[in-house]
Amino acid sequence: MGHVRRVRLKLHLTTMRGIMKDDAARSFDAEAELYDLMPSRRNHPDLELYLELAKQHGGPVLEFACGTGRVLIPCVEVAGEGVGVDLSTGMLDQARENASKQGLSENAAQFVQGDMENVRLGRTFPLVLMGGQPLFFLRTDEALRAALETVHVHLAPGGRFATAVPVPRMATMMAERDRLKFVTEIRHPTTGSRQAVWNYSSFDEVTQVAIRRRIVETLDEDGVVTERQHSVQHIHYRHPAEMQRFIIDAGFRFEGLYGDYRRTPFGNGSEYLVWVARKVDDA
Ligand SMILES: C[S@@+](CC[C@H](N)C(=O)[O-])C[C@H]1O[C@@H](n2cnc3c(N)ncnc32)[C@H](O)[C@@H]1O
């Protein structure tokens, strides 16, 4: 390939990545106000594990893809200090509001807009977390490696990194493929209007990417739809063995590999791959 074509291709790929990032941030901005009310967030089983780690380490705790602070805020309450990084300004605004409602100062709970693929805060932390399973929003191997490097550079020597990914279940994905699925109906926290939330998912077996279209309908009190908003999220499923190789290659040593957040050992039938890993120091 000639030099000019290579440069053009690189420019094109860089532009495409920028557009993909804007789309991802927009889709999370769109759901920021409703996010904490979603059943999957209200009942998420991960908090106890992260609170236990935050208590052991003390502050400051760093969370990448912190969203509305669902995990970081309670961790700051036990550890004294924490920093949350997220791509979406809408999510971060909600996180700041949630932290202030809990009486936390802006110094104790700091929220920074940034991309976990390249953000550099210029300091290190004894504990880095990612609540939920945000690594599956990274769509390429290059993006995943970059995010793991970001975690590595922000960990103090011997520091710990804990998060999880879902274990892909082909049968479930295929059963839900190209089907509209009702998620929940909730009241909008500021307008009080009825909101019906739906997902429409497609799945590409070759790229292991699910495209989840989220549809939020505003209903009047008779159930008539008065507004409909669509947003799209790309979810890259990685198999547990594949994920483990990425983490080891990025300079981590597993301390625990679990199949759920109660620390059940990872095995066949596990819903998640949850890990607590130590940074392997360069020296
Ligand atoms: C499902 S939410 C999880 C939020 C929070 N960790 C929790 O468990 O409640 C995923 C979050 O990841 C963020 N995100 C996605 N890609 C990101 C990236 N490259 N860098 C930083 N944040 C990202 C989104 O903006 C969103 O807030």
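Residues numbered from 1 in each chain as written. Predicted model: local features only at pLDDT ≥ 70, side-chain atom pairs only at ≥ 80, totals over all residues. Heavy atoms only, no water.

Draft legend 1. Molecular detail of the packing of helix H3 (residues 47–57) against helix H4 (residues 72–79). One way to put it is that H3 packs onto H4 with a least axis distance of 9 Å and a crossing angle of 30°. In terms of their interaxial angle, H3 and H4 are classed as roughly parallel. Relative to H4, H3 is oriented so that their crossing is right-handed. Of H4, the residues touching H3 (which contributes Leu 47, Tyr 50, Leu 51, Ala 54 and Lys 55) are Pro 74, Cys 75, Val 78 and Ala 79. For the contact of H3 with H4, the residue count by class is eight nonpolar, no polar and one charged. (Axes fitted to C-alpha atoms, helices over the stretch in contact; angles between N-to-C directions. Helix = DSSP H or I, 4+ residues; strand = E, 2+ residues; numbered from the N terminus. Parallel < 35°, antiparallel > 145°, perpendicular 65-115°, else oblique. Left-handed = near helix turned anticlockwise from the far one by under 90°. Contact = heavy atoms within 4.5 Å. Nonpolar A, V, L, I, M, F, W, Y, C, P; charged D, E, K, R; others polar.)

Draft legend 2. Local environment of the site of the ligand. Near the ligand there are 19 residues, and of these Ala 65, Arg 70, Asp 86, Asp 115 and Met 116 occur at the shortest range. For the ligand, a nitrogen atom lies 3.0 Å from a polar atom in the backbone of Gly 131. For the ligand, the protein covers 97% of the area, taking 600 Å² as the surface of the free molecule. Looking at side-chain class alone, the shell around the ligand contains eight nonpolar, five polar and six charged residues. (Near = heavy atom within 4 Å. Polar contact = N/O pair within 3.5 Å; in protein donor to acceptor, adjacent residues only side chain to side chain. Areas by Shrake-Rupley, 256 points an atom, 1.4 Å probe, with all protein chains shown as cover.)

Draft legend 3. Structural view of the environment of Arg 263. With respect to the helices and strands, Arg 263 occurs in the loop between strand E10 (252–258) and strand E11 (272–279). Taking the C-alpha atoms as reference, Arg 263 lies 17 Å from Arg 253; in sequence the two are 10 residues apart. With residues near it in sequence (within four places) discarded, Arg 263 still touches Leu 49, Glu 52, Leu 53 and Tyr 258. Among the polar contacts listed, one links the side chain of Arg 263 to the side chain of Tyr 258, at a separation of 2.9 Å.

Draft legend 4. Representation of helix H5 (residues 89–101). The end-to-end C-alpha distance of H5, which contains 13 residues, comes to 18 Å, matching closely the 18 Å that a straight helix rising 1.5 Å per residue would cover. Residues Gly 90, Met 91, Leu 92, Gln 94, Ala 95, Asn 98 and Ala 99 constitute the buried set of H5. Between the side-chain oxygen at the start of H5 and the backbone nitrogen of Gly 90 there is a gap of 3.4 Å, and the oxygen is on Ser 88. (Expected span 1.5 Å × (residues − 1). Buried < 20%, exposed > 50% of the residue type's maximum accessible area, 1.4 Å probe, protein only.)

Draft legend 5. Fine view of the domain arrangement of the chain. Domain assignment breaks the chain into domain 1 (39–166 + 239–279) and domain 2 (170–236). Regarding the contact of domain 1 and domain 2, the summed buried area is about 760 Å², with carbon and sulfur atoms giving 56% of it. At the boundary of domain 1 with domain 2, the tally comes to zero salt bridges. Partitioned by chemical class, the residues of the side of domain 1 that touches domain 2 number four nonpolar, two polar and two charged. (Domains from an automatic or database assignment. Buried area = accessible area lost by both parts, 1.4 Å probe. Salt bridge = Lys/Arg side-chain N within 4 Å of Asp/Glu carboxyl O.)

Draft legend 6. Main features of the pairing of strand E2 (residues 82–86). Of all five residues in E2, five are buried, a share of seventy percent or more. One ladder, built from four bridges, connects strand E1 (residues 61–64) with E2; its direction is parallel. By the bridge assignment for E2, Val 61 is matched with Gly 82. Here five bridges tie E2 to strand E3 (residues 109–113), and the two strands are oriented parallel to one another. Bridging from a neighbouring strand, Gly 82 pairs with Ala 109 of E3. Running through H5, the crossover from E2 to the neighbouring parallel element E3 is right-handed. (Pairing = 2+ DSSP bridges. Right-handed = clockwise from strand over helix to strand, strands pointing away.)

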